[in-house]
Amino acid sequence: MCVCRERGDPERLYAGQWRRALERGCAEELNGGGVWSEPGGLVDNCVIVSNTAPNTSSGGGGGAYGGRLVNCTISSNLACLGAGARSCVLSNCTLVANGTIGYGHGGGAAGATLYSCVLTNNSTAAYGSGGGAYQSLLFNCVVAGNSTTSRGGGATGSGGGTASCTNNNCILSGNVSG
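Residues numbered from 1 in each chain as written. Predicted model: local features only at pLDDT ≥ 70, side-chain atom pairs only at ≥ 80, totals over all residues. Heavy atoms only, no water.

Engineer: Even after reading the chapter, I still don't get the overall build of the chain, so can you show me in this structure?
Structural biologist: Of regular secondary structure, the chain possesses 0 helices and 24 strands. Looking at the chain as a whole, 51% of its 178 residues qualify as buried. Taking the contacts inside the chain whose residues are at least 6 apart along the sequence as the reference set, 56% of them involve residues at least 24 apart. Looking at the chain as shown, the accessible area adds up to about 7400 Å², and 50% of this sits on carbon and sulfur atoms. (Helix = DSSP H or I, 4+ residues; strand = E, 2+ residues; numbered from the N terminus. Buried < 20%, exposed > 50% of the residue type's maximum accessible area, 1.4 Å probe, protein only. Contact = heavy atoms within 4.5 Å. Areas by Shrake-Rupley, 256 points an atom, 1.4 Å probe, with all protein chains shown as cover.)

Engineer: Honestly, the sheet that holds strand β3 (residues 35–36) in this entry has me stumped. Any pointers?
Structural biologist: Backbone hydrogen bonds hold the strands of a sheet together, and the pairing may be parallel or antiparallel. Ordered in space as β3-β6-β10-β14-β17-β21, the 6 strands form an open sheet in which the pairing is parallel. The open sheet terminates on both sides in strands that have one partner only, identified here as β3 and β21 (162–163). (Pairing = 2+ DSSP bridges.)

Engineer: Got a minute to help me understand the side chain of N146 in this structure?
Structural biologist: Take N146: it is sitting in the loop between β19 (142–144) and β20 (147–148). Here N146 falls in the buried class, since its relative accessible area comes to 1%. Reaching out from N146, the side chain makes a polar contact with the backbone nitrogen of N121 at a distance of 3.3 Å. A distance of 2.8 Å separates a polar side-chain atom of N146 from the backbone nitrogen of N122. Setting aside residues up to four positions removed in sequence, N146 forms contacts with L119, T120, N121, N122, G131, G132, G160, G174, N175 and V176. (Polar contact = N/O pair within 3.5 Å; in protein donor to acceptor, adjacent residues only side chain to side chain.)

Engineer: I keep staring at the confidence of the model for the chain and nothing clicks. Help me out?
Structural biologist: Interpretation of this model should avoid reading the predicted coordinates in detail wherever pLDDT is low. When the pLDDT values of the chain are averaged, the result is 81; 76% of them are 70 or greater. Of the regions scoring below 50 in pLDDT, residues 1–28 engages in 67 contacts with residues more than four places distant in sequence or in other chains. Scored below 50 in pLDDT, residues 152–157 shows 16 contacts in the model against residues more than four places distant or in partner chains. (pLDDT = per-residue confidence, 0-100.)

Engineer: I tried to follow the packing of aromatic side chains on my own but got confused; where do I start?
Structural biologist: Geometry of an aromatic ring pair is reported as the spacing of the ring centres plus the angle between the planes. As enumerated under the stated definition, the model contains 1 aromatic pair in all. Aromatic pair Y115 and F139: ring centres 5.1 Å apart, planes at 10°, arrangement stacked. On the criterion of sequence distance, the pair formed by Y115 in strand β15 (residues 113–115) and F139 in strand β18 (residues 137–139) is long-range, its members being 24 residues apart. (Phe/Tyr/Trp six-rings, centres within 6.5 Å; stacked < 30°, edge-to-face > 60°.)

Engineer: I would appreciate a short explanation of the nonpolar core in the present structure.
Structural biologist: A general tendency of soluble globular proteins is for nonpolar side chains to be buried together. With 24 residues, the main nonpolar core has L69, L90, L95, L114, L119 and L138 as its most contacted residues. Every residue in contact with L119, bar those within four places of it in the chain, is listed here: L95, L114, G132, A133, L138, C141, V142, V143, A144 and N146. (Core = buried A, V, L, I, M, F, W, Y, C linked by side-chain atoms within 4.5 Å.)

Engineer: Explain the environment of G84 here, please?
Structural biologist: Structurally, G84 can be placed in the loop between β9 (78–81) and β10 (85–86). Separated by 11 residues in the primary sequence, G84 and T73 have C-alpha atoms spaced 9.6 Å apart.

As structure tokens, this is what we get:
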């Protein structure tokens, strides 16, 4: 079950699991297939798996959109932008096997700030950028085994690991672009 709260009411979700939670009845239906949160919301110690945000350039965060996620596993989610997480702050999270749809960017995360996270086996499709992360800030993260079908490689351009990101003290290994 996924919870939608009124604006201004920070939510704290913990020790839970959501599957296919797209139909939440929230006005923010284009974002956050699994979890949608206000900026002050906290999602702690959760597994967010097999969710989808709509395939539009405005939609994103197949697993999670907004708020702060701590000690979470975000896996097998789909979205056009930030298949795992979009516009979130993540700490000690694992983002694995998330993938963009359409011409999407950021298989693992997009527009996010990540601290001590592991991003692995995430991907973009059809000319997407940033198999692991796109337009994000990464600190002390491991980005490994991610891929993109676009051009470039590693940590620059349309990288299989990250694209248009700032990587601080990160390990990027085995990412593929092409």
